[in-house]
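Here's the letter readout for the chains.
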Amino acid sequence: MALTREIYERYVNILREELIPALGCTEPIAIAYAAAKAREVLGVMPERIVAECSGNIVKNVKGVVVPTTKDLRGIEAAAIIGVVGGDASRQLEVLSNVTQEHLDRAKAMIDAGVCEEKLLETRAKLHIVIRVYRGGDSAMVEIIHTHTGIVHIEKNGEVILDIPHSESEEEEAATSRDCLNIADIVEFVNTVDVDDVRDVLAKQVAYNTAISDEGLHRIYGANIGITLLSVYGDDVKTRAKAAAAAGSDARMSGCEMPVVINSGSGNQGMTVSLPVIEYAKELCVTTDRLYRALCVSNLVAIHQKAKIGRLSAYCGAVSAAAGAGAGVTYLYGGGVEEISETITSTLANVSGIVCDGAKPSCAAKIASSVDAALLACYMTMQKRRFRPGEGIVKAGVEDTIDSVSRLAKDGMQVTDEEILKIMIDR
């Protein structure tokens, strides 16, 4: 059944809302963005900063290098560099204009201990409150549910912005994700005027390929991408895993190149796109065919994450890799049935991978997840599958996605709390 014009436009808008550039891991960038906005509201350089963050933000900032800082990690570094050199108008590229002078000043402020970190007591997974002070003046900025979702601003106790919000439920995006399902995604992909999404997909290919190449030619983290190629050779399956892993190698270790994200995550943006790009090269498909496959991979990943939430104890590389596997299956000529089987077989295999924060080992989790997705693709092409009733696998792909969403969002709540305790030695 053909999509209505309304649904078609919603799909285009979802891609435009989700596939945006970001410089550095999005959790420290969200802190830097809030801090830059707080300084803008205050109007002067603060002499004291208080950064309150939810547990999942703490988890995802602790082990990753804040971009433009060379080697600084953690909430304090992210908040201070945002205050000193951030440009809030750039949102997820807030640190794009940081200079050495900014970095020197930020290091001096870190040494002076001007920033206090607090664990924010909240039910929201993504929740940041930045307060800045100078003399008798103060400002506060609050972000919840999305990395740029400012919902409250105050200056000297006067409310400047207050958007109603709930801690327990993620706010609706500008375009509702409730229209997403695998059958309609495939229908959209087959009928989309590629010119409607060409600019965002071209940027995803260019940005994500560039940082992947960087990770394959320089030392970053544990260099999972380079390791894969040096040990397993350079067949397309290995190249697909290595490309995604190398992008994460670079990004998690402070590379200052932007990526186009998916569902709020750079790692997921690279995982969902780079394997598809490698297979498109191998199969010598047209650019338009590649872009249609990227529509598959991106929308399949967004569909899953819309149900799970942006942050959880469930590794987002799994849902992104399932999307990538679906995109590769599409390149091989797969339709709704084959794409559904690829997603199901991926989720049946690696849905148990946990998220213990952003850090260099994310690259290895990406490689493992992409490996599972490619196995699922090849299983599908050989008419092999996991059957309903085997574990979390249900009779249809939508029910299987719902099962995994329940596992990730509800079943792993205690896991999420325990991971945070382990990470902060409580």
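Scroll up for the structure.
Conventions and cut-offs
Residues numbered from 1 in each chain as written. Predicted model: local features only at pLDDT ≥ 70, side-chain atom pairs only at ≥ 80, totals over all residues. Heavy atoms only, no water. Buried < 20%, exposed > 50% of the residue type's maximum accessible area, 1.4 Å probe, protein only. Helix = DSSP H or I, 4+ residues; strand = E, 2+ residues; numbered from the N terminus. Pairing = 2+ DSSP bridges. Phe/Tyr/Trp six-rings, centres within 6.5 Å; stacked < 30°, edge-to-face > 60°. Lys NZ or Arg CZ within 6 Å of the ring centre and 35° of its normal. Axes fitted to C-alpha atoms, helices over the stretch in contact; angles between N-to-C directions. Parallel < 35°, antiparallel > 145°, perpendicular 65-115°, else oblique. Left-handed = near helix turned anticlockwise from the far one by under 90°. Contact = heavy atoms within 4.5 Å. Salt bridge = Lys/Arg side-chain N within 4 Å of Asp/Glu carboxyl O. Core = buried A, V, L, I, M, F, W, Y, C linked by side-chain atoms within 4.5 Å. Expected span 1.5 Å × (residues − 1). 1 Å grid on protein atoms, 1.4 Å probe; cavity = no way out; pocket = protein on both sides within 12 Å on 5 of 7 lines; lining within 4 Å. Points joined across faces, edges and corners; volume = space filled by probe spheres on them. Nonpolar A, V, L, I, M, F, W, Y, C, P; charged D, E, K, R; others polar.

Draft legend 1. Molecular detail of the pairing of strand β2 (residues 48-53). Counted residue by residue, β2 has 5 buried out of 6 residues, so it is predominantly covered. Bridging between β2 and strand β4 (residues 127-134) involves 6 bridges; their strand directions are antiparallel. By the bridge assignment for β4, Cys53 is matched with Ile128. Relative to strand β3 (residues 115-119), β2 is paired through 5 bridges, and the arrangement is parallel. Bridge pairing in β3 links Cys53 to Leu119.

Draft legend 2. Summary view of unusual backbone geometry. Backbone geometry places Asn156, a non-glycine residue, at a positive phi of 50°. In this fold, Asn156 is placed in the loop between β6 (150-155) and β7 (158-162). The class for Asn156 is partly exposed, based on a relative accessible area of 41%.

Draft legend 3. View of the packing of aromatic side chains. Summed over all chains, the structure comprises 3 aromatic pairs. Between Tyr8 and Phe188, the aromatic rings sit 5.4 Å apart at their centres with planes inclined by 55°, giving tilted as the arrangement. Here Tyr8, found in helix α1 (residues 5-18), pairs with Phe188, found in helix α6 (residues 182-191); they are 180 residues apart in sequence, far enough to count as distant. Like Phe188, Tyr8 is buried. Measuring from centroid to centroid gives 6.2 Å for Tyr279 and Tyr332, while their planes differ by 70°, and the two rings are edge-to-face. Placement of the pair is Tyr279 in helix α10 (residues 266-283) and Tyr332 in the loop between α12 (316-331) and α13 (336-350), with a sequence separation of 53 residues. One aromatic cluster is present, built from ring pairs that chain together Tyr8, Tyr11 and Phe188. Across the ring face of Tyr133, the terminal group of Arg48 is positioned such that the distance to the ring centre comes to 4.1 Å. Across the ring face of Tyr232, the terminal group of Lys241 is positioned such that the distance to the ring centre comes to 5.8 Å.

Draft legend 4. Looking closely at the packing of α10 against helix α14 (residues 362-381). At a closest axis distance of 11 Å, the pairing of α10 and α14 adopts a crossing angle of 45°. When the axes of α10 and α14 are compared, the pair comes out oblique. For the pair α10 and α14, the sense of crossing is right-handed. Packed against α10, whose contacting residues are Asn267, Thr271, Pro275 and Tyr279, the element α14 presents Cys362, Ile366, Val370, Leu374 and Tyr378 at the interface.

Draft legend 5. Representation of the pattern of salt bridges within the structure. With the rule as written, the count across this model stands at 25 salt bridges. For Glu17, the salt bridge goes to Arg177, with nearest N and O atoms at 2.7 Å. Of this pair, Glu17 sits in helix α1 while Arg177 sits in the loop between β7 and α6, and the two are 160 residues apart along the sequence. When its relative accessible area of 27% is taken as the criterion, Glu17 is described as partly exposed. When the shortest N-O distance is used, the salt bridge between Glu18 and Arg177 registers 2.9 Å. In this pair, Glu18 is assigned in helix α1 and Arg177 in the loop between β7 and α6, connecting sequence segments 159 residues apart. Both residues of the pair, Glu18 and Arg177, count as buried. Overlapping salt bridges bring together Glu17, Glu18, Arg177 and Arg310 as one network.

Draft legend 6. Structural context of the environment of Thr148. Relative to the elements of secondary structure, Thr148 occurs in the loop between β5 (137-144) and β6. In this structure the C-alpha to C-alpha distance between Thr148 and Ala34, which are 114 residues apart in sequence, comes to 8.0 Å.

Draft legend 7. Representation of the nonpolar core within the structure. One finds Ile31, Ile130 and Phe188 to be the most contacted residues of the largest nonpolar core, which totals 130 residues. Apart from residues lying up to four places away in sequence, Phe188 is in contact with Leu3, Tyr8, Tyr11, Val12, Leu15, Cys295 and Leu299.

Draft legend 8. Up close: helix α11 (residues 287-308). Over its 22 residues, α11 runs 32 Å from end to end, which matches the ideal 32 Å to within 8%, given 1.5 Å per residue. Counted residue by residue, α11 has 17 buried out of 22 residues, so it is predominantly covered. Immediately downstream of α11, the backbone of Gly309 shows phi near 105°, a positive value.

Draft legend 9. Structural detail: the layout of surface pockets. Roughly 390 Å³ of internal volume is contained in the second largest pocket. Forming the boundary of the second largest pocket are 17 residues, of which Gly55, Thr122, Gln413, Glu417 and Leu420 lie nearest the centre. Elements represented by at least two residues in the lining of the second largest pocket include exactly α3 (55-61) and α16 (413-423). No other element matches the 5 residues that α16 contributes to the lining of the second largest pocket.

Draft legend 10. Fine view of empty space enclosed by the protein. Applying the stated criterion across every chain, the model contains 1 cavity of 30 Å³ or more. Around the largest cavity, the lining is made up of 30 residues, and of these Asn60, Ser265, Asn267, Gln268 and Cys355 lie nearest the centre. Secondary structure elements with two or more residues in the lining of the largest cavity: α2 (26-42), α3, α9 (236-252), α10, α12 and α14. In terms of residue class, the lining of the largest cavity is built from 11 nonpolar, 13 polar and 6 charged.

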